[in-house]
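Chain and residue survey
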Amino acid sequence: MDVGTISSRYIKALFSLAKEKQQETRVYDDMKMLAVSFEQEPGLKVVLDNPIFPEEEKVKLLTTAAGLEVCDLFARFIRLVLQRKRESLLPLMAYIYIHMYRKDKKITRVLFKTPVPVDEATREHLKKRLQEETGDTIEFTGVIRPELIGGFVLRIGNIRIDASYSRQLREIRNKLIERN
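Bear in mind the structure is a predicted one, so any value in this text is a computation, not a measurement.

A tally of helices and strands in the protein yields eight helices and four strands. Starting at the N terminus and walking to the C terminus, you meet the elements of the protein as α-α-α-α-α-α-β-α-β-β-β-α. In terms of principal-axis extent, the alpha carbons of the protein reach across some 65 × 40 × 30 Å. Counting over 180 residues, the protein shows a buried share of 36%. When contacts within the protein are restricted to residue pairs at least 6 apart in sequence, long-range pairs at least 24 apart make up 67% of them. Between the mean site of the 32 positive side-chain charges and the mean site of the 26 negative ones, the protein shows a separation of 4 Å.

This is the structure:
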């Protein structure tokens, strides 16, 4: 069984219907919350894979994991997936939907790691500048990583810019080791 193909087919159908009903953003929000729940609570997947756990309880669990007030289309999709016994594919389906939505809406994810919190003005300036460069909407996430010592690490899609002091110190250390 090719889980990628099966998951993609379900999600393409869901995305198409959501676009038709102009609910793709609402489903996107529900899928993002569900993906976060799968990441933060590994026991969720274990419960879903348990055949003894009743389907109605799984529906309640998944709607709670997706944020309690999920849209009707999302709830119907969850029921369909459970009826077809494809619940083990839900984490992958959530990621595929999120990716498909971002691609359709031209949203670029940016991860900005710094050793100290960045003020809002700097954050907005960076976001605006990246939006001008890419032409896409920017989904910005800032993370504090004290181990960077100084500088920053910026990830835009698949591009990574590492201007951290820790990387520079590591490079200096490696060069000194090579010379000796």
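From this point, the narrative continues.
Between the first and last C-alpha of helix α6 (residues 90-104) there are 21 Å, a value that for 15 residues agrees with the 21 Å anticipated at 1.5 Å per step. Within the sequence span of α6, burial applies to Leu90, Pro91, Met93, Ala94, Ile96, Tyr97, Ile98, Met100, Tyr101 and Arg102. Positive backbone phi, at 55°, marks Lys106, one or two positions downstream of α6.

Counted under the stated rule, the structure contains four aromatic pairs. Consider the rings of Phe15 and Tyr97, whose centres lie 5.5 Å apart with planes at 65°: the pair is edge-to-face. With Phe15 in helix α1 (residues 3-20) and Tyr97 in helix α6, the pair connects residues that are 82 residues apart, well separated along the chain. Taking relative accessible area as the criterion, Phe15 reaches 7% and is therefore assigned buried. Ring geometry for Phe112 versus Phe140: centroids 6.0 Å apart, planes at 45°, classification tilted. Taken together, the residues span a long stretch of sequence, with Phe112 in strand β1 (residues 107-114) and Phe140 in strand β2 (residues 137-144) at a distance of 28 residues. Overall, Phe112 belongs to the buried group, its relative accessible area being 10%. Note on Phe140: relative accessible area 15%, which makes it buried.

The next subject is the sheet that holds β1. Sheet architecture is open: four strands sit in the order β2-β1-β3-β4, paired in mixed fashion. Taken across any chain shown, the strands that pair with only one partner, and hence form the sheet edges, are β2 and β4 (159-162). Ignoring which end each strand starts from, the neighbouring axes of this sheet average 15° apart. Inspection of the sheet shows strand β3 (residues 153-156) paired to β4 by four bridges, in the antiparallel sense. Of the residues in β4, the one forming a bridge with Val153 is Asp162.

With 37 residues, the main nonpolar core has Ile11, Met31, Phe77, Leu90 and Tyr97 as its most contacted residues. Only α1, α2 (24-40), α3 (43-49), α4 (55-65), α5 (72-83) and α6 provide two or more residues apiece to this core. In terms of residue count, α6 provides more of this core than any other element does, eight residues in total. Beyond its immediate chain neighbours, meaning those up to four positions away, Met31 contacts Ile11, Leu14, Phe74, Phe77, Ala94, Tyr97 and Ile98. Counting residues in each nonpolar core, the second largest holds eight residues, with Phe112, Leu126, Phe140 and Leu154 among its members.

Our focus in this paragraph is the pattern of salt bridges. The full count for this structure, using the stated rule, is 13 salt bridges. Asp72 is paired through a salt bridge with Arg76; the nearest N and O atoms lie 3.7 Å apart. With Asp72 and Arg76 both in helix α5, this residue pair falls four residues apart, about one helical turn. You can call Arg76 partly exposed: its relative accessible area is 44%. One network of salt bridges, with partners in common, ties together Arg160, Asp162, Arg167 and Glu171.

Cut-offs used in this document
- Residues numbered from 1 in each chain as written.
- Predicted model: local features only at pLDDT ≥ 70, side-chain atom pairs only at ≥ 80, totals over all residues.
- Heavy atoms only, no water.
- Helix = DSSP H or I, 4+ residues; strand = E, 2+ residues; numbered from the N terminus.
- Buried < 20%, exposed > 50% of the residue type's maximum accessible area, 1.4 Å probe, protein only.
- Contact = heavy atoms within 4.5 Å.
- Lys, Arg positive; Asp, Glu negative; His and termini not counted.
- Charge placed at Lys NZ, Arg CZ, Asp CG, Glu CD.
- Expected span 1.5 Å × (residues − 1).
- Phe/Tyr/Trp six-rings, centres within 6.5 Å; stacked < 30°, edge-to-face > 60°.
- Pairing = 2+ DSSP bridges.
- Axes fitted to C-alpha atoms, helices over the stretch in contact; angles between N-to-C directions.
- Core = buried A, V, L, I, M, F, W, Y, C linked by side-chain atoms within 4.5 Å.
- Salt bridge = Lys/Arg side-chain N within 4 Å of Asp/Glu carboxyl O.

Purely geometric numbers; function is a separate question.
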